[in-house]
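# Residue-level structural notes
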Amino acid sequence: MSETADIGVVGLAVMGANLARNLVSHGYSVAVYNRSYSRTEKLMADHGHEGTFIPSSDIADFVASLSRPRVAIILVQAGAPTDAVIDQLAEHMEEGDIIVDCGNAHFKDTIRREAAIQARGLHFVGAGISGGEEGALEGPSIMPGGTPESYERVGPMLEKISAHVDGEPCCTYIGADGAGHFVKMVHNGIEYADMQLIAEAYDLLRKGLGDTPEQIADIFESWMETELNSYLIEITAEVLRQYDAETGKPLVDVIVDAASQKGTGAWTVQTALELGVPVTGIGEATFARGLSSSPLQRGASAPLESHALSIEVEDRDEFIEQVRQALYASKIVAYSQGFDLIQAAADFYGWEIDKGELAKIWRAGCIIRAIFLNDITDAYRANPDLPLLMADEHFAPKINACIPSLRQIVSRGALTAIPLPAFSSSLAYFDGVRADRLPAALIQGQRDFFGAHTYLRVDNEGVYHTEWSGDRTESRWD
Ligand code: NDP
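Residues numbered from 1 in each chain as written. Predicted model: local features only at pLDDT ≥ 70, side-chain atom pairs only at ≥ 80, totals over all residues. Heavy atoms only, no water.

Per an unreviewed UniProt entry, the protein goes by the name 6-phosphogluconate dehydrogenase, decarboxylating and belongs to Flaviflexus salsibiostraticola. Reading the Catalytic activity (unreviewed entry) entry of the UniProt record for the protein gives the comment "6-phospho-D-gluconate + NADP(+) = D-ribulose 5-phosphate + CO2 + NADPH". As stated in UniProt under Pathway (unreviewed entry), the record for the protein gives "Carbohydrate degradation; pentose phosphate pathway; D-ribulose 5-phosphate from D-glucose 6-phosphate (oxidative stage): step 3/3." (UniProt positions renumbered as here; feature names shortened; annotations may be inferred.)

See the structure below:
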């Protein structure tokens, strides 16, 4: 086998096959291998004419067909299958060769794998990839981690096949070891929050206006002309316009109201809890999917009184605008929280993540692509150490202008029993960070009372404890 392929792809299910096709369409010669040879044969039969594929039925031949330093992208099932393929590749690879995992790995697995692979003299790149099967073929958003050295070899190819905005690739070096898969995880978490917020806006419009899904599709479509312009708003309108062929009803009315999840939202929340970062929008979105998919609890809720009332909408246009502003304000909060989590992880794991560049590569190719990300890029470009995205000079006036609407909408939801967990938590977060003083002081008092956990004083340096079970005098404990 001659060493001619520029790059190789292992795993030729939908993602791997499409990424390999994307690579050949950009002029690369691509070695392809899949555990079951039938998938390789199918790719060759259906798409072999699209460019230079070099198929192998044996992994040793596959590795031998790669030019050096060899680069092999893995797109197999996440978890144990990925470990198995890494092992097989590493057996045949040599010092300086690069294994790129584009699967949906947990970033901690990527950190572990990178250390193990480095110990064998190879490079390991954990690359998050978003955009689904269409993105893999047409141009995804790619978030590679690993060593800067390996990016020099792999980066130009990944940049070329990624989505582009104004000629700029939606792929950039993210940071060491697990950084790429980490930001992909947060991307998915933000996606959960965005989808839940849109769903709550839909619920308000449906119950408040009594409109048909198709009429609400018109409203979402009109929001594409505003700062809410995004892929998720666009597809929301399309879903709402769809009719069921069998019943003639709007499709949204025949779909069971139980949202599934594959786990990246939960990973994001777990990580946020570990790092102590409040990502309330992502958390509420994840829990809302859990509630919707709890048939036991929902089925047992009948004895509870429903306080559902119809919303009295006096001014239709004003109500629609309030919902739009509530959505925009909550979206700013959700992204602000997501970027806080990225910064906290960067500090903890020692990654140097350029948040402006990251926002830039989410502008196309991925599910959360939105006009709004241009503003985030600008905000971090102007101040890379911005401590609170929503308080940036660009966002602060916008969110300030929208908060009164969010307050109106959340109170209307509360009074008419429309569950708005993501809207409500966004407002609570805004009010929490903006509060001059929080009741956390009382919590510190309680903790000191039952556990001598001590507290700080507003007026003096030092750590203090009150003798709660004794004479209640205060002493300094530091
Ligand atoms: P799947 O996740 O369905 O995985 C199927 C592929 O994994 C097949 O090629 C299969 O080989 C291979 N495989 C499974 N077990 C093993 C094993 N033990 N050894 C070798 N190969 C194995 O494929 P997808 O294309 O949907 O996804 C690939 C990766 O991309 C996953 O990690 C997924 O999470 C990630 N991803 C998927 C997205 C999507 O929209 N689908 C989006 C972004 C990322 P065989 O044919 O022999 O069974």
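## Details of the overall build of the protein
A tally of regular secondary structure across the protein gives 20 helices and 12 strands. Relative to the globule expectation of 23 Å for 478 residues, the C-alpha radius of gyration of the protein, 26 Å, shows essentially globular dimensions. Looking at the 478 residues of the protein, the share that counts as buried comes to 51%. Residue pairs in contact within the protein that sit at least 24 positions apart in sequence constitute 66% of those at least 6 positions apart. (Helix = DSSP H or I, 4+ residues; strand = E, 2+ residues; numbered from the N terminus. Rg over C-alpha atoms; globule rule 2.2 N^0.38 Å. Buried < 20%, exposed > 50% of the residue type's maximum accessible area, 1.4 Å probe, protein only. Contact = heavy atoms within 4.5 Å.)

## Here's the deal with the side chain of Gln-337
For Gln-337, the position within the fold is in helix 15 (residues 316–349). On the basis of relative accessibility, which here comes to 1%, the residue Gln-337 falls in the buried class. With residues up to four places along the chain from it excluded, the contact list for Gln-337 reads Val-277, Pro-278, Val-279, Thr-280, Gly-281 and Tyr-429.

## Some details on the sheet that holds strand 12 (residues 474–476)
Strand order in this open sheet of three strands is 10-11-12, and the pairing throughout is antiparallel. Of all strands in the sheet, those bounded by a partner on one side alone are strand 10 (455–456) and strand 12. Note that strand 11 (residues 463–466) and strand 12 share three bridges and pair antiparallel. Paired with Thr-466 across the two strands is Glu-474, which belongs to strand 12. (Pairing = 2+ DSSP bridges.)

## A short note on the UniProt feature "active site" (unreviewed entry) in the protein
As annotated by UniProt and renumbered to match this structure, "active site" (unreviewed entry) occupies Lys-184 and Glu-191. Set against the largest cavity, the annotated residues that line it come down to Lys-184. Mapping Lys-184 onto the fold places it in helix 8 (residues 179–209). If we skip the residues at most four places from it in the chain, Lys-184 touches Asn-104, Gly-128, Ile-129, Ser-130 and Met-143. Within polar-contact distance, the side chain of Lys-184 engages the side chain of Asn-104 at 2.9 Å. (1 Å grid on protein atoms, 1.4 Å probe; cavity = no way out; pocket = protein on both sides within 12 Å on 5 of 7 lines; lining within 4 Å. Polar contact = N/O pair within 3.5 Å; in protein donor to acceptor, adjacent residues only side chain to side chain.)

## Some remarks on the nonpolar core
Core analysis: the largest hydrophobic core is formed by 87 residues, its most contacted members being Phe-220, Trp-223, Trp-362 and Phe-423. Counting residues per element, this core draws most heavily on helix 15, at 17 residues. Leaving out residues up to four positions away in the same chain, Trp-223 has contacts with Ala-201, Leu-205, Leu-228, Asn-229, Ile-233, Ile-320, Val-323, Arg-324 and Leu-327. Among the nonpolar cores identified, the runner-up in size contains 30 residues, and Leu-19, Val-24, Val-32 and Val-154 belong to it. (Core = buried A, V, L, I, M, F, W, Y, C linked by side-chain atoms within 4.5 Å.)

## Describing the sheet that holds strand 2 (residues 30–33)
Across a sheet, strands are paired by hydrogen bonds formed along the backbone, either parallel or antiparallel in direction. The strand order across the open sheet formed by seven strands is 3-2-1-4-5-6-7, and the pairing between neighbours is mixed. The strands lining the two open edges of the sheet, one partner per strand, are strand 3 (53–55) and strand 7 (141–144). Averaged over all pairs of adjacent strands, the angle between their axes in this sheet comes to 25°, without regard to strand direction. Examined bridge by bridge, strand 1 (residues 7–10) and strand 2 share four bridges and lie parallel to one another. Paired with Gly-8 across the two strands is Ala-31, which belongs to strand 2. Running at roughly 155° to strand 6 (residues 123–130), helix 5 (residues 107–119) makes contact with strand 5 (98–101) and strand 6 of the sheet. (Axes fitted to C-alpha atoms, helices over the stretch in contact; angles between N-to-C directions.)

## A look at helix 18 (residues 395–416)
With 22 residues, helix 18 extends 31 Å between its outermost C-alpha atoms, agreeing within 8% with the 32 Å of an ideal straight helix rising 1.5 Å per residue. For helix 18, the principal kink sits at Ile-403 and spans about 35°; a proline, Pro-404, occurs within the next four residues. Of all the residues in helix 18, the buried ones are Phe-395, Ala-396, Ile-399, Cys-402, Ile-403, Ser-405, Leu-406, Ile-409, Val-410, Arg-412, Gly-413 and Thr-416. In this fold, the buried residues of helix 18 make contact with helix 8, helix 15, helix 17 (372–382) and helix 19 (421–434). (Expected span 1.5 Å × (residues − 1). Bend = angle between axes of the 7 residues up to and from the residue.)

## A look at the pairing of strand 6
Both faces of the sheet carry side chains from a regular strand, because those side chains alternate between them. Counting buried positions over the eight residues of strand 6 gives eight, a clear majority of the element. Neither face of strand 6 is exposed, since His-123, Val-125, Ala-127 and Ile-129 on one face and Phe-124, Gly-126, Gly-128 and Ser-130 on the opposite face are all buried. One ladder, built from four bridges, connects strand 5 with strand 6; its direction is parallel. Each bridged residue has a counterpart across the sheet, and for Ile-99 the counterpart in strand 6 is Phe-124. The β-α-β motif built from strand 5, the intervening helix 5 and the parallel element strand 6 has right-handed crossover chirality. (Right-handed = clockwise from strand over helix to strand, strands pointing away.)

## Observations concerning the environment of Cys-171
Secondary-structure assignment places Cys-171 in the loop between strand 9 (168–169) and helix 8. For Cys-171, a relative accessible area of 3% gives the class buried. Considering only alpha carbons, one finds Cys-171 and Gly-155, 16 residues apart in sequence, at a separation of 7.9 Å. Apart from the residues lying within four places of it in its own chain, the contact partners of Cys-171 are Ile-142, Pro-144, Tyr-151, Leu-158, Glu-159, Ser-162 and Ile-361.

## Looking at the layout of surface pockets
By volume, the second largest pocket is sized at about 210 Å³. Lining the second largest pocket, in full, are Arg-437, Ala-441, Gln-444, Gly-445, Tyr-455, Leu-456, Arg-457, Val-458 and Asp-459. Elements with a contribution of two residues or more to the lining of the second largest pocket: helix 20 (440–451) and strand 10. Looking at the lining of the second largest pocket element by element, the count peaks at three residues for helix 20. Within the lining of the second largest pocket, the residues separate by chemical class into four nonpolar, two polar and three charged. (Points joined across faces, edges and corners; volume = space filled by probe spheres on them. Nonpolar A, V, L, I, M, F, W, Y, C, P; charged D, E, K, R; others polar.)

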